2 protein chains.
Amino acid sequence: MTTALQTGDQTSDIDADMMALGQRARAAARQLALVTTESKNAALGAMAEALIAAMADILAANARDVAAGEKRGLSSAFIDRLKLDDDRVRAMAEGIRAIAALPDPVGSVMAEWERPNGLKIARVRVPLGVIGIIYESRPNVTADAGALCLKSGNAVILRGGSDSYHSSRAIVAALHRGLSQVGLPQEAIQMVPTTDRAAVGLMLSGLGGNIDVIVPRGGKGLVGRVEAEARVPVFSHLEGICHVYVDAAADTEMARAVTLNAKMRRPGICGAAETLLLDRQGLDRHGPAVIGALLEAGCEVRGDEAVQALDARVKPASEEDWSLEYLDAIISARVVDGVAGAIAHIERYGSHHTESIITEDDSVAKRFLDEVDSAIVLHNASTQFADGGEFGMGAEIGIATGKMHARGPVGLEQLTSFKYQVRGNGQVRPK
Amino acid sequence: MTTALQTGDQTSDIDADMMALGQRARAAARQLALVTTESKNAALGAMAEALIAAMADILAANARDVAAGEKRGLSSAFIDRLKLDDDRVRAMAEGIRAIAALPDPVGSVMAEWERPNGLKIARVRVPLGVIGIIYESRPNVTADAGALCLKSGNAVILRGGSDSYHSSRAIVAALHRGLSQVGLPQEAIQMVPTTDRAAVGLMLSGLGGNIDVIVPRGGKGLVGRVEAEARVPVFSHLEGICHVYVDAAADTEMARAVTLNAKMRRPGICGAAETLLLDRQGLDRHGPAVIGALLEAGCEVRGDEAVQALDARVKPASEEDWSLEYLDAIISARVVDGVAGAIAHIERYGSHHTESIITEDDSVAKRFLDEVDSAIVLHNASTQFADGGEFGMGAEIGIATGKMHARGPVGLEQLTSFKYQVRGNGQVRPK
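Here goes a summary of the coordinates provided. Throughout, a residue's number is its position along its own chain's written sequence, starting from 1. Chains carry letters and ligands carry numbers; both start at the beginning, A for chains and 1 for ligands, and go up in the order they are written. Reporting in this predicted model follows two pLDDT cut-offs: at least 70 for local features of residues, and 80 or more for side-chain atom pairs to be given and counted; totals over whole chains, interfaces and linings ignore these cut-offs and use all residues.

### A few points about the nonpolar core
Here's step 1: Grouped together as the largest cluster of nonpolar side chains are 260 residues, with contacts concentrated most on A:Met47, A:Leu51, A:Phe368, B:Met47, B:Leu51 and B:Phe368.
Here's step 2: Remark: residues whose backbone-derived C-beta atoms lie within 7 Å of one another are considered to be in contact. If near-sequence neighbours (up to four positions away) are discounted, A:Met47 is found in contact with A:Ile96, A:Ala147, A:Leu175, A:Gly178 and A:Leu179. Each nonpolar core consists of buried Ala, Val, Leu, Ile, Met, Phe, Trp, Tyr and Cys residues. Their C-beta atoms, within 7 Å, join them into a set. Any residue surrounded by 20 or more other C-beta atoms within 10 Å of its C-beta is treated as buried, while 12 or fewer makes it exposed and the intermediate range makes it partly exposed; C-beta atoms here are placed from the backbone.

### Let's talk about helix α10 (residues 252-264) of chain A
Here's step 1: The terminal C-alpha atoms of α10(A), which comprises 13 residues, lie 18 Å apart, in line with the 18 Å expected from a rise of 1.5 Å per residue.
Here's step 2: Helix numbering and strand numbering both begin at the N terminus, where a helix is a DSSP run of H or I of at least 4 residues and a strand a DSSP run of E of at least 2. Within α10(A), burial applies to A:Met254, A:Ala255, A:Arg256, A:Val258, A:Thr259, A:Leu260, A:Asn261, A:Ala262 and A:Lys263. Expected span of a helix, by definition, is 1.5 Å for each gap between consecutive residues, and there is one gap fewer than residues.

### Notes on the interface of chain B and chain A
Here's step 1: Taken residue by residue, the interface counts 50 residues in chain B and 50 residues in chain A.
Here's step 2: At the level of secondary structure, the elements contributing two or more residues to the side of chain B that touches chain A comprise α10 (252-264), α14 (362-371), β13 (376-381) and β16 (416-427) of chain B.
Here's step 3: Tallying contributions element by element places β16(B) first for the side of chain B that touches chain A, with 11 residues.
Here's step 4: Amino acids are sorted into nonpolar (Ala, Val, Leu, Ile, Met, Phe, Trp, Tyr, Cys and Pro), charged (Asp, Glu, Lys and Arg) and polar (every other residue, Gly among them). By residue class, the composition of the side of chain B that touches chain A is 23 nonpolar, 16 polar and 11 charged.
Here's step 5: Of the pairings in the sheet, the one linking strand β13 (residues 376-381) of chain A to β16(B) comprises five bridges and is parallel in character. DSSP-based pairing: two strands are paired if at least 2 bridges between them are found.

### Examining the environment of B:Ala122
Residue and element names in this part refer to chain B.
Here's step 1: Structurally, alanine 122 is set in strand β2 (residues 120-127).
Here's step 2: Accessibility expressed as a C-beta count within 10 Å gives 16 for alanine 122, which makes it partly exposed.
Here's step 3: Measuring from C-alpha to C-alpha, the distance between alanine 122 and lysine 403 comes to 24 Å, with 281 residues separating the pair along the chain.
Here's step 4: When neighbours within four sequence positions are excluded, alanine 122 is seen to be in contact with Val109, Glu112 and Gln421.

### Side note on the relation of the copies chain B and chain A
Two copies of the chain are present, and they differ by a rotation about an axis and a shift along that axis.
Here's step 1: Overlay of chain B on chain A (RMSD 0.0 Å): rotation 180 degrees, translation along the axis 0.0 Å. Here the two chains are linked by the operation of a two-fold rotation axis. For chain B, the minimum C-alpha distance to the rotation axis belongs to B:His405 and amounts to 2.0 Å.
Here's step 2: Of the residues that chain B buries at the interface, 100% are likewise interface residues in chain A, meaning the two copies contact each other through the same surface. Each copy is superposed on the other by least squares, with the fit set by C-alpha atoms of residues at a pLDDT of at least 70 in both.

### Side note on the packing of helix α2 (residues 37-53) of chain A against helix α6 (residues 140-151) of chain A
Residue and element names in this part refer to chain A.
Here's step 1: Contact geometry of α2 with α6 gives a least axis separation of 10 Å together with a crossing angle of 165 degrees. Considering the angle they form, α2 stands roughly antiparallel to α6. In terms of crossing hand, the pair formed by α2 and α6 is right-handed. Along the contact surface, α2 presents Lys40, Ala43, Leu44, Met47 and Leu51, while α6 presents Ala143, Ala147, Leu150 and Lys151.
Here's step 2: Within the contact of α2 with α6, the residues separate by chemical class into seven nonpolar, no polar and two charged. Here the axes come from fitting lines to C-alpha atoms, over the contacting stretch only for helices, and the angles between their N-to-C directions go from 0 to 180 degrees. If an angle is under 35 degrees, it is roughly parallel; if it is over 145, roughly antiparallel; if it lies from 65 to 115, roughly perpendicular; otherwise it is oblique. In this scheme, a crossing is called left-handed if the near helix is turned counterclockwise away from the far one by less than a right angle; it is called right-handed if the turn is clockwise.

### Here's the deal with the pairing of β2(B)
All names here are of chain B.
Here's step 1: Note that strand β1 (residues 109-114) and β2 share five bridges and pair antiparallel. Note that in β2 the partner of tryptophan 113 across the bridge is isoleucine 121.
Here's step 2: Counting the residues between successive antiparallel strands, the hairpin from β1 to β2 contains five residues, one of them, glycine 118, with a positive phi of roughly 90 degrees.

### Points about the environment of A:Ala20
Here's step 1: With respect to the element layout, A:Ala20 can be found in helix α1 (residues 8-32).
Here's step 2: When the 12 C-beta atoms within 10 Å are taken as the criterion, A:Ala20 is described as exposed.

### Some details on the packing of helix α6 (residues 140-151) of chain B against helix α7 (residues 165-181) of chain B
All names here are of chain B.
Here's step 1: Two elements in contact, α6 and α7, have axes whose closest approach is 8 Å; the angle formed by their N-to-C orientations is 30 degrees. Between α6 and α7 lies a crossing of right-handed hand. Contacts between α6 and α7 involve Thr142, Ala143 and Gly146 from the first element and Ser168, Ile171, Val172 and Leu175 from the second.
Here's step 2: Split by residue class, the contact of α6 with α7 holds four nonpolar, three polar and no charged.

See below:
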């Protein structure tokens, strides 16, 4: 571990160390691409057991991180995300076992067809290669990401926050014991062995072609930096400014229940609703029920004038509110003119993450689902379903709002690429 | 059109012009995403007709480019790629009609499933958005790329070589007339209105988030620059160092015919074989027939010592030869130890494009197809099948060797992304 202040020599040491780490990851990725599902699952099982066996070590390392964090005056919310206990370590082990139980995407045939000349063409899933994960304080990302990358046949380079450094190191040590038990290379899961920030910059540069994609996990500051500086593809969402649009043709009770859930079930997740759009035509019918339910549940509502007129407890919204991801028990609310108005608002202020329409009119719903340019568009369901587990994809490594390669929940399949395998019996191309 | 030498003011004009062009492309892309298949096909038909109707203008513009090129002493091969005639313009129009006849990927359901809570989830294809094409002297790329992007619902920004500037401008003018006839925005297909190289740099920066992917079409110099400097995703292959491996268990006649076709059918395409790998165990049986056929066909063979020993006409290969893409009637040839040796050679020297194994042993073939990390791997077939048309995908915009999003031939489907459309009846997420 090096200090934050680097001399020229130390910096070039980090350069060389990181490049070597990238090369080891690439070599491990080549091996992993050919490992059987059985071996990978055996390794995952051994990793889960090793985590439980290392409980004391992990909790001791975590206590060291927590003490340091408290000394530095980190917020109680931060300390809560950082802190491990018996149950949380067990949950990590269970998470790894659940990933073992998922189908292995590698080697699956995505499509196959035969050409008139007899060539048989198959599109077959292969791993992406080396995944870089850059995350903040949650030590459980170490185990989750390590397991997802292993199951999808990828090597992973983990760079966790400096605040959880010792916890992550103890977790990785346990994962390594699991890998070794079944003869898989420890280099399949590598942790950046320094908290120096220069290491992040080097990862963003791709370590000489040895990182294929980077997944940032954390707040807007981290994700924004990764998106702006990465020289390799990134699977990420900067923010989730998710909308619920209550159409005139909505069922009022459904609108109430879905909006309440979309905002208040867990206000701090990326799929939580941040803005409520109310159709002017249905405002009198749906507005009081929906706004009233939010207020009763303790949600602050910031509305335009028409929404303020519905309830004295509604606070005025400013122009800025339409672009805010509160991640808290606050929602902005405004009146729009029908589905066209909702689509235009979302296009202007949204983050292409997840939006929902509540309506009994299927043709209006179809227009919303077709025209809203977001990773996930829902009809008559809560935005809080924006989650790989809820989609039936198993664990996810994150949610992507880009359109390249992965979009929406990034699960095992999204961590793969493909190749074409073509089988012939001597075909040559004419002319 | 501006000159190559820019003053500060002119450069900032280009900046502003290109940013405005990007914004127009984004606006057009939003419209195009919602256009019906029928409208797009009608536009393609009108574009094909407009090309034929503009024959005289296009040939006159092309004559101007050719005259300027000859004056500057461009090679005859270059002039040949640049030069248009009646037949070549008709072929462009036919190419556009063929793209109209392909299935529209947009809106197709890639997968759908229902969750235990009744949510119906569908993964639906949507356009990528705005595609940037940077190409060299072939004016036909203007029409092909314009048509492929339109059919896949994407807006396109075309930046052709300065040598074909007037030809491309005349072609784009015809395409615009076709678009207008059916009421589609001309901004769907925009050409960079300058030959200034600064415009390429601006495209590589993504025009403020208004280019989603760049496809370079041209030589290694162009592709290398785009790959190194682009700040947005790139679909490309730097080179096609394609291998044919003749296993001991090959059928000699098949090995002869496939190798000859893989190299000599068209030696200058990216799927042409550049290196022949001969299994040491089968060298005496297959070597003389395969090497002899290449030499008889006028191919220069550069071999290692064992291959030189087969025929006096074989020239010595240097270490450098294993990394060369000749794009000519030249092949390097060496002896390897079985399929493992072939895989190791390809891993070390290959370009992840296309490789073929010739063998009657299916288990050896399986190992080659599984372990060789290339976009296309073939068993008993010529590498010259590396082509979207030969794959049954219709026209292609290029071949990609990266693993993100597109790999192998980049056809209409590869120019799309997807979204999740989720239909419920009031579902809220529990807990």
